[in-house]
Amino acid sequence: MKRKIMDTLVKWREKENSRLPLLLSGARQVGKTYVMRELGAECFKSTVYVNFEADRKIGSYFETDIHAETIIGILEKYYQTKIIPDETLIIFDEIQMCERALTSLKYFAEEAPEYPVIAAGSLLGVALKREQFSFPVGKIQMESMYPMDFEEFLWAKGKEILAETIRAHFENNRPVDEMIHKEALFEYNNYCIIGGMPAAVLAEITSSATLSQQEIRQMLLDSYIADMAKYALPGESVKIFAAYDSLPSQLAKESKKFQYKLIKSGARASQYGESIDWLIRAGIVNKCVKCTQGFMPPSAFLDLTAFKLYYSDTGIMSARTGMNLERLLGNEADHFRGIFAENYVACALRSNGYELLYWGSEGSAEVDFLIIKDNHVIPVECKAGDHVKAKSLKVYREKYHPIYSIRISTRNFGMVDQIKSVPLYAVFCI
């Protein structure tokens, strides 16, 4: 399945002598191994694939000398293959299982830039924090990988023309044909349930799949929960799970600001702050921080005590809440549609590289998201239906006079009174 990050990896391959080792981070099962192997198959003559979790023995060879020349010699003997400069891709997978392998990236950068090395790891952020690894600061190129976005989902379903049509109409603000609009909205709702985990998407589009996408999503949810016990410190895993388990009730509130009391009566930030940080570092949740002003730069006006947490994938969210497509489209699911729409937008903006921010006034006014475009702060309001009146957005516009605003809803494309109407299915274009 086509992934957008491949463009970044191909550009990295073309750098040659100025190329640093690349470290790919992201939540479990987002497709890191797949894209690294795909890069090797498409852009190199050969690949040496090292998995430090599957083969613990290879990690033992990194315990002494980790200079590039030594490591190259070890890999050639161990895998019985010749490693040729600029022609052989070296992949270090599950690198969090071998601290010395991570440190060795520094020596590849300094001593042997002609050898392309790409590395990835599950729960890498957690491992780096927990083990206090010697991190090769300034010696690697870091890239983040997220679940498949809605455009990649359409590509996987063979609907490239629909994706191209959506992009074209986003750019010119002209409504799409009503039939196309309805088709795209249906696929959006379908995506909300399936999510962007490649295994779930593949099961959905493969008629002969052994497991259904519902079963795969439940397995992924279960594996995330298992990781909390496996990779957290003793005594911490219970608090991590409790914080994670509170997400449905957190998102169901009118104001989605995270409230510790929903974890446990009397709970405080001092008790659960580290647990929430663990979930963020693991890539299981996305954090959206409150901004108290609509001026540049937003980082100067953050209220770090006020934030929202969103699932990093709507498919995991639907598995946790027991939501299916029939229920989501039903007449009684208006509130749930709003929750899924907002979480979906958070995922889409994060995968496009935006820092997640929202605005809240001293009163009750609140704008769902703020993004930075061309050195301007742009308010983004999210609606799950076609009822688009938003008092908070009006308050924000009257106070800060943004050059334009974005309203996401089920309405078609358009631009009225400097408010850009973006259908839910077109958020990947922002």
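On a predicted model such as this, the values are computed, not experimentally measured, just so you know.

1. Observations regarding the nonpolar core
Then step 1. Ranked by size, the top nonpolar core spans 104 residues in total, and within it Phe-150, Ile-166, Tyr-244, Trp-278, Tyr-425 and Ile-430 carry the most contacts.
Then step 2. Top element by residues in this core is helix α17 (residues 334-351). It accounts for eight residues.
Then step 3. Non-local contacts of Tyr-244, meaning those with residues more than four positions away in its chain, are made with Leu-221, Tyr-224, Met-228, Leu-279, Ile-284, Val-285, Tyr-311 and Ile-316.
Then step 4. In terms of nonpolar packing, the next biggest core, distinct from the first, is built from 28 residues, Val-48, Phe-62, Phe-108 and Tyr-115 among them.

2. Regarding the sheet that holds strand β1 (residues 22-25)
Then step 1. Strand order across the open sheet formed by five strands is β2-β3-β4-β1-β5, with parallel pairing between neighbours. In the strand order of this sheet, the two ends are held by β2 (46-51) and β5 (141-144), each with one partner. Strand-to-strand twist of the sheet, defined as the mean angle between neighbouring strand axes without regard to direction, takes the value 20°.
Then step 2. With six bridges connecting them, β2 and strand β3 (residues 88-93) associate as parallel partners. When the sheet's bridge partners are listed, Val-50 is paired in β3 with Phe-92.
Then step 3. The sheet contacts of helix α1 (residues 5-13) involve β1, β3, β4 (117-120) and β5, and relative to β5 the element is tilted by about 170°.
Then step 4. Here helix α2 (residues 32-43) sits on the sheet and contacts β1, β2, β3 and β4; the angle it forms with β3, its principal contact strand, is near 170°.

3. Observations concerning the pairing of β4
Then step 1. Neither face of β4 is open: one carries Val-117 and Ala-119, the other Ile-118 and Ala-120, and all of them are buried.
Then step 2. Inspection of the sheet shows β1 paired to β4 by three bridges, in the parallel sense. Bridged to Leu-24 within β4 is Ala-120.
Then step 3. Relative to β4, β3 is paired through three bridges, and the arrangement is parallel. In the strand pairing of β4, Phe-92 is matched with Ala-119.
Then step 4. Each parallel crossover has a hand, and for β3 linked through helix α5 (residues 99-111) to β4 it is right-handed.

4. Notes on the packing of helix α10 (residues 198-205) against helix α11 (residues 213-231)
Then step 1. Contact geometry of α10 with α11 gives a least axis separation of 8 Å together with a crossing angle of 170°. One way to sum up the angle between α10 and α11 is to call them roughly antiparallel. Contact residues: α10 offers Ala-199, Ala-200, Ala-203 and Glu-204, while α11 offers Gln-213, Ile-216 and Arg-217.
Then step 2. Per-class residue counts for the contact of α10 with α11 are four nonpolar, one polar and two charged.

Conventions adopted
Residues numbered from 1 in each chain as written. Predicted model: local features only at pLDDT ≥ 70, side-chain atom pairs only at ≥ 80, totals over all residues. Heavy atoms only, no water. Core = buried A, V, L, I, M, F, W, Y, C linked by side-chain atoms within 4.5 Å. Buried < 20%, exposed > 50% of the residue type's maximum accessible area, 1.4 Å probe, protein only. Helix = DSSP H or I, 4+ residues; strand = E, 2+ residues; numbered from the N terminus. Contact = heavy atoms within 4.5 Å. Pairing = 2+ DSSP bridges. Axes fitted to C-alpha atoms, helices over the stretch in contact; angles between N-to-C directions. Right-handed = clockwise from strand over helix to strand, strands pointing away. Parallel < 35°, antiparallel > 145°, perpendicular 65-115°, else oblique. Nonpolar A, V, L, I, M, F, W, Y, C, P; charged D, E, K, R; others polar.

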